[in-house]
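An overview of the molecular structure
The chain contents come next:
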Amino acid sequence: MKIKIQTLDGKAAKGDVELNDAVFDVDPRADILHRVVTWQLEKRRGPARATRERSDVNRTGKKFGKQKGGGTARHGNRRAPIFIGGGKAHGARARTFGHSLNKKVRNLGLKMALSSKAKSGHLVIIDNLDVAGGKTQTLVGQLAKLGFNRALFIDGAATNVSFAHASSNIGGINLLPAIGANVYDILKHDTLVLTRAAVEALEARCNG
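No experiment lies behind these values; they were computed from the predicted model shown.

Conventions we followed
- Residues numbered from 1 in each chain as written.
- Predicted model: local features only at pLDDT ≥ 70, side-chain atom pairs only at ≥ 80, totals over all residues.
- Heavy atoms only, no water.
- Helix = DSSP H or I, 4+ residues; strand = E, 2+ residues; numbered from the N terminus.
- Buried < 20%, exposed > 50% of the residue type's maximum accessible area, 1.4 Å probe, protein only.
- Contact = heavy atoms within 4.5 Å.
- Polar contact = N/O pair within 3.5 Å; in protein donor to acceptor, adjacent residues only side chain to side chain.
- Salt bridge = Lys/Arg side-chain N within 4 Å of Asp/Glu carboxyl O.
- Arc of directions from axis to C-beta.
- Pairing = 2+ DSSP bridges.
- Right-handed = clockwise from strand over helix to strand, strands pointing away.
- Core = buried A, V, L, I, M, F, W, Y, C linked by side-chain atoms within 4.5 Å.

Let us now look at the environment of His122. Along the chain, His122 falls in the loop between helix H3 (103–119) and strand E3 (123–126). Judged by its relative accessible area of 38%, His122 falls in the partly exposed class. The spacing of His122 and Ala151 is 29 residues in sequence and 9.5 Å in space, taken between C-alpha atoms. Dropping the residues within four chain positions of it, His122 is found in contact with Lys117, Asp190, Thr191 and Leu192. At a separation of 3.0 Å, a polar atom in the side chain of His122 contacts the side chain of Ser120.

So this is what it looks like as structure tokens:
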């Protein structure tokens, strides 16, 4: 599959890029994409830290006062929640929400997400992400020419510093390195924009 390379100014750059069909021409399956997205979202959830309840506190169980005549309530030990250092009543329990997903399935899901953008015509290849002076106003004008509203830009091993500065306060525009490319973010955005370095890195990652 060949795609013409563009510039951030919306002009055609010299040459085109040959995309690997094993990565960018895979028939998407809704069940695989759903499994990977569900796995990603569950991995983001932060489980509550377990608190120590009455049975978890290491304090003496010896009755510390007389049953009657002491002027105090009839407590059996110091683990009661009303005492300093005692166990917490109805405390938070540790819960885990994540589940494992085979690496091959995750890799296949990434290929299908990339292929879905390529097949739908929402994949754009750009020569580089250099923004003059790292100015937001300059980038806004360039994105207007390209017609991008909600776009995910993926660079090579490291993200372009000037583009990162210019796009940091533009809504709907996000930037990731190739190692951070994931199914959820690719599907969430309307347009996927890759650099030459991103194409090489993603093909090496998916076929590695």
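This brings us to the pattern of salt bridges. Enumeration according to the criterion identifies 5 salt bridges in this entry. With a shortest N-O distance of 2.6 Å, Arg29 and Asp31 are connected by a salt bridge. Looking at Asp31, the relative accessible area reads 40%, which means it is partly exposed.

Turning to helix H4 (residues 136–146), a few remarks are in order. Taken as a whole, H4 has its buried residues at Leu139, Gln142, Leu143 and Leu146. The buried residues of H4 occupy one face: seen down the axis, they fall within an arc of 100°. For H4, exposure combined with an orientation more than 90 degrees from the buried face picks out Gln137, Ala144 and Lys145. In this fold, the buried residues of H4 make contact with strand E1 (2–6), E3, strand E4 (151–154), helix H5 (161–167) and strand E5 (173–176). Following H4 by one or two positions, Gly147 has its phi on the positive side, about 80°.

With that out of the way, let us pick up the pairing of E4. Side-chain alternation along E4 places Ala151 and Phe153 on one buried face and Leu152 and Ile154 on a second face that is also buried. One ladder, built from 4 bridges, connects E4 with E5; its direction is parallel. Looking at the pairing, Phe153 lines up with Leu175 of E5. Once you follow E4 into H5 and on to E5, the crossover reads as right-handed. Taken together, the 4 bridges between E4 and strand E6 (residues 191–195) define a ladder with parallel strand orientation. When the sheet's bridge partners are listed, Phe153 is paired in E6 with Val193.

Right, let's get into the pairing of E3. With burial as the criterion, each face of E3 is covered, one bearing Leu123 and Ile125 and the other bearing Val124 and Ile126. As paired elements, E1 and E3 share 2 bridges and run parallel to each other. Looking at the pairing, Gln6 lines up with Ile126 of E3. Pairing analysis gives 4 bridges linking E3 to E6, with the strands arranged parallel. Paired with Ile126 across the two strands is Thr195, which belongs to E6.

In terms of nonpolar packing, the biggest core is built from 35 residues, with Phe24, Leu114, Leu123, Ile125, Ile154, Leu192 and Leu194 touching the most fellow members. Of the residues forming this core, the biggest block, 6 residues, is contributed by H3. Beyond its immediate stretch of four places on either side in the chain, Ile154 contacts Leu176, Pro177, Ala178, Ala181, Leu192, Val193, Leu194, Thr195 and Ala198. Core analysis: the next-biggest nonpolar cluster, separate from the first, contains 17 residues, Val124, Phe148, Ile170 and Leu175 among them.

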